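Next come the chains, spelled out residue by residue.
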Amino acid sequence: MLPGIGVFGTGSVAKVLVPFLREKGFSVEAIWGVTLQEAESTAKELKIPFFTNKIDDVLLKKNVSLVFIVCAPNLHAQISVKALGIGKHVVCDKPAGLCQAEALKMVRAAQYYPTLISIINHSLRFLPAFIHMRKCIHDGYLGNPSELTLIDVRVQMGSLLGETYNWLCDDTMGGGTLTLVGSHVIDLVSYLSGQKVMKAHGVLRTFVEETEKVNGIRKITAPDFCTFQLQMDKGLLVTATLNNHLPGPCFNQEIYVCSKKGYLVVRGGDLHGRLHKSNSKSIIEEEGKRPHDKEEVIYVDVEDLSCASSVIPKPYIKGLCKMISALKEAFLPVKEQMDWIKEPVKAAATFEDGQRVQATMEALRQSSEDGCWKTVQLLTEPPDPNPALSAAVRRTAISLQ
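In this report, we go over the structure that sits alongside the text. Fair warning: this is a prediction, and the values are worked out from it, not measured in the lab.

**Focus on the overall build of the protein**
- Looking only at helices and strands, the protein has 11 helices and 16 strands in total.
- For the protein, with 401 residues in total, the buried portion stands at 50%.
- A separation threshold of at least 6 residues defines the contact pool for the protein, and within that pool the share at least 24 residues apart is 68%.
- Split by element, the accessible area of the protein, about 19000 Å² in all, is 54% carbon and sulfur.

Structural data, given as structure tokens:
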């Protein structure tokens with residue numbers, strides 16, 4: 001029995017998401033928008049029976065059991081924590097809140113309600129090419145998985161900005177290539193390698209501060225270029241370059257995973273691999289395989305999308321579609337609407353993964369400001385909102401004793 005869906009957000013992701021959900025047999029019961037007008041027009045367009053601009057109206061609907069949070073990041077933590085507290089399953093878009101403190105609230109809520117689904121939409125984990133790549137790595141295609149040397153990521157795409165000034169233009173509100181694209185990359189390298197980020201170094205730049213549509217007194221602060229290096233806990237080095245300067249809605253993504261034996265590469269949705277000649281003999285002896293003098297095609301993505309988008313890159317849409325299929329498999333075998341099985345969605349990014357990505361992005365922002373490598377530090381306690389006042393209270397307590 002599939003749960004009823006409530007959607008938070010009226011942007012491009014929501015407009016791609018709702019048809020996918022219906023295609024998989026889910027019933028979309030309600031949609032929330034920042035303004036009632038936005039919610040109403042999107043509900044009419046997507047034929048959703050209930051719309052509102054009040055968060056609680058969606059969460060308190062009895063026929064909504066699973067919520068998709070695809071609105072501005074400043075509301076991600078608030079809605080996630082509230083939804084889990086009411087007993088709803090949660091799929092939250094990246095990033096996990098605006099900062100690590102918000103991500104920590106989400107983690108604690110998920111830990112408090114372990115029987116509920118709580119996942120972050122890092123959809124590249126569900127892209128078949130990366131599933132095959134991870135399997136190849138763990139099956140020893142490149143040797144021992146702990147001996148990977150380098151992951152090199154290149155993403156070139158068009159602008160992430162919209163027609164009007166909104167949160168996408170503002171770095172502090174979750175806009176920019178690091179948050180919107182880099183978060184996927186940071187999560188993906190940990191997922192593929194099974195290693196955690198220890199240190200980070202980055203350079204963030206906002207080269208385009210005005211566009212034809214966004215100008216005047218408001219300046220764009222969201223970075224449109226980002227390059228970073230990550231040192232992982234078992235010696236793996238990650239380098240990434242993310243560039244938003246290509247014209248139009250184009251998207252090129254190449255991810256190389258290298259070891260001393262050879263490399264695997266995902267270009268778009270296809271996986272290729274190549275072993276160095278010195279390793280080819282041992283491969284023939286061990287497994288009876290032919291030597292890899294040229295790149296070997298391991299997986300080719302031939303599946304066509306039923307719902308394309310000019311705004312969201314194809315790999316992210318395809319990954320999202322696969323994630324919805326996994327959610328369907330998690331809910332379908334059980335009779336009760338709130339019950340689910342873990343196996344189909346065990347590959348999904350948890351709220352803990354979301355916090356680790358937030359911690360890495362915070363380290364990269366600090367690194368970009370002062371030009372140094374930064375250690376990635378995970379919060380375990382919420383930060384003190386007023387440290388000066390707390391110190392004064394402690395001093396008073398000591399003097400009273």
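**Considerations on unusual backbone geometry**
- Each neighbour pair has its own omega, and for Lys94 with Pro95 the value is -5°, a cis peptide bond.
- Checked against the element boundaries, Pro95 lands in the loop between β5 (89-93) and α5 (100-112).

**Regarding the environment of Thr52**
- Here Thr52 is to be found in strand β3 (residues 50-52).
- Judged by its relative accessible area of 4%, Thr52 is buried.
- For the pair formed by Thr52 and Trp32, sequence separation is 20 residues and the distance between their alpha carbons is 5.1 Å.
- If we skip the residues at most four places from it in the chain, Thr52 touches Ile31, Trp32, Gly33, Leu36, Ala39, Asp57 and Val58.

**Here's the deal with the pattern of salt bridges**
- Counted by the stated rule, this structure contains 14 salt bridges.
- One salt bridge in this structure joins Glu381 and Arg108, with 3.7 Å as the shortest N-O distance. Of the two residues, Glu381 is situated in the loop between β16 (374-375) and α11 (387-400) and Arg108 in helix α5; the sequence distance between them amounts to 273 residues.
- Its relative accessible area of 52% is what places Glu381 among the exposed residues.
- Close ionic contact of Arg267 with Glu254 constitutes a salt bridge, the shortest N to O distance being 3.0 Å. With Arg267 in strand β12 (residues 262-267) and Glu254 in strand β11 (residues 251-259), this residue pair connects regions lying 13 residues apart in the sequence.
- Overall, the relative accessible area of 27% leaves Arg267 in the partly exposed class.
- Its relative accessible area of 28% is what places Glu254 among the partly exposed residues.

**Considering the packing of α5 against helix α10 (residues 351-370)**
- Between α5 and α10, whose axes approach to 9 Å, the crossing angle comes to 170°. Judged by the inter-axis angle, α5 sits roughly antiparallel to α10. At the point where α5 passes α10, the crossing takes the left-handed sense. Seen from α5, the contacting residues are Gln100, Ala103, Leu104, Met106, Val107, Ala110 and Gln111; seen from α10, they are Phe351, Glu352, Gln355, Gln358, Ala359 and Glu362.
- Split into classes, the residues belonging to the contact of α5 with α10 amount to 7 nonpolar, 4 polar and 2 charged.

**Describing the sheet that holds strand β13 (residues 270-275)**
- Taken in spatial order, the 9 strands line up as β14-β13-β12-β11-β7-β10-β9-β8-β16 in an open sheet, and their pairing is mixed. Of all the strands in the sheet, just β14 (296-299) and β16 have a single pairing partner and so form its edges.
- Relative to strand β9 (residues 225-232), strand β8 (residues 197-205) is paired through 8 bridges, and the arrangement is antiparallel. The residue of β9 that forms the bridge with Leu204 is Cys226.
- Here α10 sits on the sheet and contacts β8, β9 and β16; the angle it forms with β8, its principal contact strand, is near 55°.

**Quick look at the sheet that holds β5**
- Here we have 7 strands laid out as an open sheet, ordered β3-β2-β1-β4-β5-β6-β15, and mixed in their pairing. Of all the strands in the sheet, the pair left with one neighbour each is β3 and β15 (349-350).
- Taken together, the 4 bridges between strand β4 (residues 66-69) and β5 define a ladder with parallel strand orientation. By the bridge assignment, Val67 is partnered in β5 with Val90.
- Relative to the sheet, helix α2 (residues 36-46) contacts β2 (27-32) and β3, its axis offset from that of β3 by approximately 160°.

Procedures and definitions
All residue numbers refer to position in the chain's written sequence, counted from 1. Reporting of local features is limited, given that this is a predicted model, to residues whose pLDDT is at least 70; pairs of side-chain atoms are given and counted only at 80 or more, and all residues count toward the totals for whole chains, interfaces and linings. Heavy atoms throughout the structure, all of them, feed into the side-chain values; hydrogens and water do not. Numbering goes from the N terminus for both helices and strands, where a helix is a DSSP run of H or I of at least four residues and a strand is a run of E of at least two. Classification of residues uses two cut-offs on accessible area relative to the type maximum, computed with a 1.4 Å probe and protein chains only: under 20% is buried, over 50% is exposed, and between them is partly exposed. Should any heavy atoms of two residues lie within 4.5 Å, those residues are considered in contact. Residue-level accessible areas treat just the shown protein chains as cover; the underlying method is Shrake-Rupley with a 1.4 Å probe. The working definition used for a salt bridge is a side-chain nitrogen of Lys or Arg within 4 Å of a carboxyl oxygen of Asp or Glu. Only the stretch in contact is used when a helix axis is fitted, and all axes are lines through C-alpha atoms; the angle between N-to-C directions ranges over 0 to 180 degrees. An angle counts as roughly parallel when it lies under 35 degrees, as roughly antiparallel when it exceeds 145, as roughly perpendicular when it falls between 65 and 115, and as oblique in every other case. In this scheme the handedness of a crossing depends on how the near helix is turned from the far one: anticlockwise by less than a right angle means left-handed, clockwise means right-handed. For this scheme, ten residues count as nonpolar: Ala, Val, Leu, Ile, Met, Phe, Trp, Tyr, Cys and Pro. Four count as charged, namely Asp, Glu, Lys and Arg, and the remainder, Gly too, count as polar. Whether two strands pair comes down to DSSP finding at least two bridges between them.

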